[in-house]
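Now for the letters of each chain:
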Amino acid sequence: MSNTLAYPMKQFQLPNGMRFWNAPESGKETKFIYREIFEERCYEKHGVTIADGDVVFDVGANIGMFARSLMDRFHDLQLYCFEPVPNTRSCLERNIAECPDRSRHLVTVLDVAVGAKEYQTTIDFFPSAPGNSTLYPEEKKQEFNDIADELRIADLWKAKKGAALLALLLYPFRRWLFRRISEKFLGKAKPISCQVRTISNVIRERGVQRIDLLKVDVEGAEMDALAGIEDEHWPLIRQIAVEVAPANKHQIAMLSNRLQSLAFSRIVVENMLGGNDDLSLPGPCTVYAVREA
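What you see is a predicted model; the values in this text were computed from it and never measured. (Residues numbered from 1 in each chain as written. Predicted model: local features only at pLDDT ≥ 70, side-chain atom pairs only at ≥ 80, totals over all residues. Heavy atoms only, no water.)

## Quick word on the pairing of strand β4 (residues 78-82)
For the record, the criterion: Burial classification: accessible surface area is computed with a 1.4 Å probe over protein chains only, and a residue below 20% of its type maximum counts as buried, one above 50% as exposed, and the rest as partly exposed. Strands are runs of DSSP state E lasting at least two residues, helices are runs of H or I lasting at least four, and both sets are numbered from the N terminus onward. Clockwise travel from the first strand over the helix to the second, with the strands pointing away from the viewer, marks a crossover as right-handed. Pairing between two strands requires that DSSP report at least two bridges joining them.
Of all five residues in β4, four are buried; the element is thus mostly enclosed. Viewed along the sheet, the connection from strand β3 (residues 55-59) through helix α2 (residues 65-73) into β4 turns out right-handed. By the bridge criterion, five bridges tie β4 to strand β5 (residues 106-110) in an arrangement that is parallel. Bridge pairing in β5 places tyrosine 80 opposite threonine 108. In the classification by handedness, the crossover that spans β4, the intervening helix α3 (residues 86-97) and the parallel β5 is right-handed.

Next comes the structure, spelled out in structure tokens:
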């Protein structure tokens, strides 16, 4: 475990009373991720479930909110947390170490990104939005612009009426507003060297016998991550929850067909507003796949 005090961090208190360490400028993002994971259970939908003793690959672990949410509710988990950004990984390690239920679980933190092959590269770290750190920074910036141009009030109304009313007031200024948001959160990128590994090589090196949930949230590198799983290792994976960035949504049909061929019998695609199948909406979506017993 690295020295968790080597990078600046701040502790944020969340609505459920829990405290998490994150980058000092990341308060808004920390609360946003809290809502996704603790209130919406964004990786545990459409038949995706966790049980005591499960093995979970948390690829794109960020500061460990998903890991902590599981550690609080289950026993004897084996968690493999992948986080290549040293600043964020320091917070992850500290959040895991300070979990009251730490002794009930086996947690392994890996300081690598995940891809289709193994190589050395750089990842862009955003101090105000560490959860958006990405191997594909240009696509990430384009994502913000596309949301401003393409998000429809009618679609937002179907999902969240309160947000739609606010958006209606701001709609004439949306491009200016999103540009300001993009500049605030993505304008201070810090390229950081990182090692990319394949999931299959990690499975092989760690002697992993099964993966009850493969969660992938890697800001544009998700298709690379899945491409790094060799045919012999797919049968080890029981469930997946994969966030797909807008730049990769055109590959979802191909991914769904691939998952069907691998005997995943329940496959659901959810757009960023919580609805199914409408991939014309801007922003990311999530693919859930489960093997039926």
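On we go from here.
## A word on the side chain of asparagine 87
We apply this condition: Contacts are residue-level and defined by heavy atoms, with any inter-residue pair within 4.5 Å sufficient.
Residue placement: asparagine 87 occurs in helix α3. By relative accessible area, asparagine 87 is classed as buried at 18%. Non-local contacts of asparagine 87, meaning those with residues more than four positions away in its chain, are made with Tyr7, Phe125 and Ile192.

## Here's the deal with the pairing of strand β10 (residues 239-244)
Most of β10 sits out of view: six of its six residues are buried. With three bridges connecting them, strand β9 (residues 213-216) and β10 associate as parallel partners. Of the residues in β10, the one forming a bridge with valine 216 is valine 242. Read from β9 through helix α9 (residues 222-227) to β10, the crossover connection turns out right-handed. As defined by bridge partners, β10 adjoins strand β12 (residues 285-290) across six bridges and the pair is classed as antiparallel. Residue pairing across strands places valine 242 opposite valine 287, the latter belonging to β12.

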